[in-house]
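In case you want the letters, here they are:
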Amino acid sequence: PGLVLLSGRPAMGCTSLALNTALSITKIQRRTVLYFSFDTTKEMLMKKLLCIEGLVNTRRVWDQDFTDADWVRLTTAGKLIKELPLHIYDDPLFTIGEISQICSQHDYVDLVIIDSLQNVQSMPGEWGTLKRAKKENRILQQLKRLSKEYNTCVLCLNTLECNVEAHKCMEPDMCDIRKYRKSFDYIDTALFLYRKDYYTIDPPEEMTAICYVRLNRRGKSYYFHMRWIPEYTTFLELRFRHAE
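Worth saying up front: this structure is predicted, and the values here are computed from it rather than measured.

Q: Kindly report on the overall build of the chain, identifying the contributing residues and their values.
A: What the chain contains, in helices and strands, is 6 helices and 9 strands. Residues classed as buried in the chain amount to 48% of the 244 residues present. For the chain, the share of sequence-separated contacts (at least 6 apart) that also reach a separation of at least 24 residues comes to 66%.

What follows is the structure, encoded as structure tokens:
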């Protein structure tokens, strides 16, 4: 249980990583996951899940130009996903109170994914006059309370602004979320997703990604490497990790 903040540049792959995580947890461990999407429809997320599970090229699915073999894989993947305890809710007007109400409808929730922090609706009244950073601080505080109330992990996706590119190595760091300084008391783990090919004109054939754990109240900080397969919107974890 706790609040985890996953940050990355726009289109870096945070949503795909969250979907991969949700699919793995529900498929392998049969744990209940609630996915709240504020800017992507349930249909689009389902297409991504089908491509991840069936290993079907996303472009062919989007263009509806898939082969007979692709259709068999999609059908098989759809049957499997249908049986998983993975529940997707898409509404751009969701509030924390409504998310809490949906959580209460389930016997137990192992993971709540919020996609994304910038799109969560603030509460009415006094919140309407607050600046964006303060609103997001309040939202993180509410999400921390949500994790305690339901004894669950809340994974909140966060889009980083352009100042990340000011770094020499362009790798994100804690300074990129300093506007949440008051929320550091609520955030249990801060993750940062980074892909080198994101900044290159001609990406290599085999693309990799790094997920940095910059803040971890339960242990040491570390980072791990993953392979990024864009045609399937899939991350594959490589089996070596480095302690800082």
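Back to the write-up after that little detour.
Q: Go over helix 6 (residues 132-149) with me, naming the residues and quoting the values.
A: Under the 1.5 Å per step criterion, the end-to-end length of helix 6 is 26 Å for 18 residues, consistent within 8% with the ideal 26 Å. For helix 6, the elements touching its buried residues are strand 1 (2-8), helix 5 (96-104), strand 4 (111-115) and strand 5 (153-159).

Q: So what about the pattern of salt bridges? Which residues, and what values?
A: Where charged atoms from two side chains of opposite charge come close, those side chains can pair. Here the structure, examined in full by the defined rule, presents 5 salt bridges. Here R60 makes a salt bridge to D70, at a shortest N to O gap of 2.8 Å. In this pair, R60 sits in helix 3 (residues 58-62) while D70 sits in helix 4 (residues 68-82), placing the two residues 10 residues apart along the sequence.

Q: Before we move on, could you go through the nonpolar core and cite the residues and values that matter?
A: Counting residues in each nonpolar core, the largest one holds 39 residues, and the members touching the most others are L6, I113, L155, L193 and M226. Considering every element that reaches this core, the biggest residue donor is helix 1 (residues 14-28), with 7 residues. Judged by nonpolar contacts, the second largest core, of 33 residues, contains F36, I99, V109 and I210.

Q: Quick one: what's the story with helix 1, residue by residue and with numbers?
A: For the α-helix, the turn length of 3.6 residues means that residues three or four positions removed from each other point alike. End to end, helix 1 covers 21 Å across 15 residues, agreeing with the expected 21 Å (1.5 Å per residue, within 8%). Taken across its 15 residues, helix 1 has 11 buried, putting it largely inside the fold. After helix 1 finishes, the residue R30 shows a positive phi value of roughly 55°.

Q: Kindly report on unusual backbone geometry, identifying the contributing residues and their values.
A: Residues D115 and S116 are joined by a peptide bond in cis, for which omega reads 10°. Within the secondary structure layout, S116 lies in the loop between strand 4 and helix 6. Notably, A11 is not glycine yet its phi reads approximately 65°, a positive angle. Residue placement: A11 occurs in the loop between strand 1 and helix 1. With a relative accessible area of 71%, A11 lands in the exposed category. Phi angles above zero are rare outside glycine, and N151 is one such case at about 50°. Here N151 is to be found in the loop between helix 6 and strand 5.

Q: Which residues make up the side chain of K48, and what are the values?
A: Along the polypeptide, K48 turns up in helix 2 (residues 42-54). Buried and unpaired, K48 has no salt bridge, with D115 as the nearest side chain of opposite charge at 7.2 Å. Residues in contact with K48, not counting those within four places in the same chain, are T15, L19, W62 and T233.

Q: Now, about the environment of A133: what can you tell me, with residues and values included?
A: Its place among the elements puts A133 in helix 6. You can call A133 partly exposed: its relative accessible area is 26%. Note: C-alpha distance between A133 and Q118 (15 residues apart in sequence) is 9.6 Å.

Q: Any chance you could break down the pairing of strand 4 for me, citing the residues and the numbers?
A: Most of strand 4 sits inside the fold, with 5 of its 5 residues counted as buried. Pairing analysis gives 5 bridges linking strand 2 (residues 33-37) to strand 4, with the strands arranged parallel. Counterpart to F36 in the pairing with strand 4 is I114. Across 4 bridges, the pairing between strand 4 and strand 5 is parallel. The partner of I113 across the bridge, within strand 5, is L155.

Q: How would you sum up the packing of aromatic side chains? Please name residues and give values.
A: Counting across every chain of the model gives 9 aromatic pairs. Pairing Y212 with Y223 gives two aromatic rings, centres 5.5 Å apart and planes at 40°, and the pair type is tilted. On the criterion of sequence distance, the pair formed by Y212 in strand 7 (residues 207-216) and Y223 in strand 8 (residues 222-229) is long-range, its members being 11 residues apart. For Y223, a relative accessible area of 22% translates into the label partly exposed. One aromatic cluster in this structure is built from F36, F38, Y89 and F94. Above the ring of W62, the side-chain terminus of K47 is found at 5.4 Å from the ring centroid. Above the plane of the ring of Y212 lies R214, whose end atom (NZ or CZ) is 4.2 Å from the centre.

Cut-off values and rules
- Sequence order as written defines residue numbering, which begins from 1 separately in each chain.
- Since the coordinates come from a predicted model, pLDDT governs what is reported: local features require at least 70, and pairs of side-chain atoms require 80 or more to be given and counted, while whole-chain, interface and lining totals use all residues.
- The side-chain values count all of the structure's non-hydrogen atoms but skip hydrogen atoms and water molecules.
- Starting at the N terminus, helices and strands are each numbered in turn, a helix being any DSSP run of H or I of at least four residues and a strand any DSSP run of E of at least two.
- Buried residues are those whose accessible area, probed at 1.4 Å on protein chains only, stays under 20% of the maximum for their type, while exposed residues exceed 50% and partly exposed ones sit between those limits.
- Contact definition: two residues touch when any of their heavy atoms are within 4.5 Å.
- What a helix is expected to span follows from its residue count: subtract one and scale by 1.5 Å.
- Counted as salt bridges are all cases of a side-chain nitrogen of Lys or Arg within 4 Å of a carboxyl oxygen of Asp or Glu.
- In plain words, nonpolar cores are sets of buried Ala, Val, Leu, Ile, Met, Phe, Trp, Tyr and Cys residues tied together by side-chain atoms within 4.5 Å.
- By the counting scheme adopted, Arg and Lys are positive, Glu and Asp are negative, and His together with the chain ends is not counted.
- When DSSP finds at least two bridges between two strands, those strands are taken to pair.
- Two rings belonging to Phe, Tyr or Trp (six-membered ring only in the last case) form a pair when the distance between their centres is within 6.5 Å. Interplanar angles under 30 degrees mark stacking, angles over 60 mark edge-to-face geometry, and anything in between is tilted.
- By definition, being over a ring means that NZ of Lys or CZ of Arg is both within 6 Å of the ring centre and within 35 degrees of the ring normal.

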